[in-house]
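What follows is the residue order along each chain.
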Amino acid sequence: SAWLSESLEKLVEELSDWLDCAGCTGINNLAGLISWSCGALLWAASQPRFRRRRYFAFYGAHQLHFAFFFFGCTHWPALLAWCAPLVVFFAADAALRSHYLGSGTAAAAT
């Protein structure tokens, strides 16, 4: 029982360091927990069974990638260096899709 209360106190201390980061290590544990939770939801929504039965929920759940990357970079700022190439490719893909989908030809009625 004593080890449980000490463990819970340590957990609360580790998760609340976001509020008092003057002497912290630069690793934000609460942001890491939020990022991990978003990643776990992304993984769960990506399972073939879920994806086949609830495609729109699968597609909507993948918008969690914004929260996953934001909180991941807040948890560990060096992650931004790992994510930068992904962001560049995502932006290029979005720009190309916008260009090709927006430049459709008008159908001629005969």
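Look up: the structure comes first, before these words.
Presented here is a report on the structure given in the accompanying data block. (Residues numbered from 1 in each chain as written. Predicted model: local features only at pLDDT ≥ 70, side-chain atom pairs only at ≥ 80, totals over all residues. Heavy atoms only, no water.)

### Overview of the packing of helix H2 (residues 29–45) against helix H5 (residues 65–75)
- The geometry of H2 relative to H5 is characterised by a closest axis approach of 8 Å and an angle of 150° between their N-to-C directions. Viewed along their axes, H2 and H5 adopt a mutual orientation that is roughly antiparallel. In the packing of H2 onto H5, the handedness of the crossing is left-handed. Residues Asn29, Ala31, Gly32, Ile34, Ser35, Cys38, Gly39 and Leu42 of H2 pack against His65, Ala67, Phe68, Phe71, Gly72, Thr74 and His75 of H5.
- For the contact of H2 with H5, the residue count by class is seven nonpolar, eight polar and no charged. (Axes fitted to C-alpha atoms, helices over the stretch in contact; angles between N-to-C directions. Helix = DSSP H or I, 4+ residues; strand = E, 2+ residues; numbered from the N terminus. Parallel < 35°, antiparallel > 145°, perpendicular 65-115°, else oblique. Left-handed = near helix turned anticlockwise from the far one by under 90°. Contact = heavy atoms within 4.5 Å. Nonpolar A, V, L, I, M, F, W, Y, C, P; charged D, E, K, R; others polar.)

### Here we look at the packing of aromatic side chains
- This structure, assessed with the given rule, holds six aromatic pairs.
- Aromatic side chains Phe70 and Phe71 sit 5.1 Å apart centroid to centroid with 75° between the ring planes, which places their arrangement in the edge-to-face category.
- In this structure Phe70 comes out as exposed when scored by relative accessible area, which is 51%.
- Within the aromatic cluster, the residues linked to one another by ring pairs are Tyr55, Phe56, Phe58 and Tyr59.
- A cation over a ring is seen here: Arg51 above Phe58, with NZ or CZ 6.0 Å from the ring centre. (Phe/Tyr/Trp six-rings, centres within 6.5 Å; stacked < 30°, edge-to-face > 60°. Buried < 20%, exposed > 50% of the residue type's maximum accessible area, 1.4 Å probe, protein only. Lys NZ or Arg CZ within 6 Å of the ring centre and 35° of its normal.)

### Things to note about the side chain of Ser35
- Following the sequence through the fold, Ser35 ends up in helix H2.
- A polar contact is formed between the side chain of Ser35 and the backbone oxygen of Phe68, at a distance of 3.0 Å.
- Excluding its chain neighbours within four sequence positions, the residues that come into contact with Ser35 are Phe68, Phe71 and Gly72. (Polar contact = N/O pair within 3.5 Å; in protein donor to acceptor, adjacent residues only side chain to side chain.)

### Focus on the environment of Thr74
- As for its placement among the helices and strands, Thr74 is situated in helix H5.
- C-alpha of Thr74 to C-alpha of Leu30: the two residues are 44 residues apart in sequence and 9.4 Å apart in space.
- Separated by 2.8 Å, the side chain of Thr74 and the backbone oxygen of Phe70 make a polar contact.

### Considerations on the side chain of Asn28
- Looking at the element boundaries, Asn28 is found in the loop between helix H1 (2–15) and H2.
- Of the polar contacts made by the side chain of Asn28, one reaches the backbone nitrogen of Leu30; its length is 3.2 Å.

### Details of helix H6 (residues 79–102)
- The terminal C-alpha atoms of H6, which comprises 24 residues, lie 34 Å apart, in line with the 34 Å expected from a rise of 1.5 Å per residue.
- Pro85 marks the point of greatest bend in H6, at about 25°. (Expected span 1.5 Å × (residues − 1). Bend = angle between axes of the 7 residues up to and from the residue.)

### Description of the packing of H5 against H6
- For the pair H5 and H6, the least separation of the axes is 10 Å and the interaxial angle reads 150°. When the axis of H5 is compared with that of H6, the two are roughly antiparallel. Crossing geometry of H5 relative to H6 is assigned as left-handed. The residues of H6 that touch H5, namely those facing His65, Phe66, Phe69, Gly72 and Cys73, are Leu79, Leu80, Cys83, Leu86 and Phe90.
- Here the residues of the contact of H5 with H6 sort into eight nonpolar, two polar and no charged.

Purely geometric numbers; function is a separate question.
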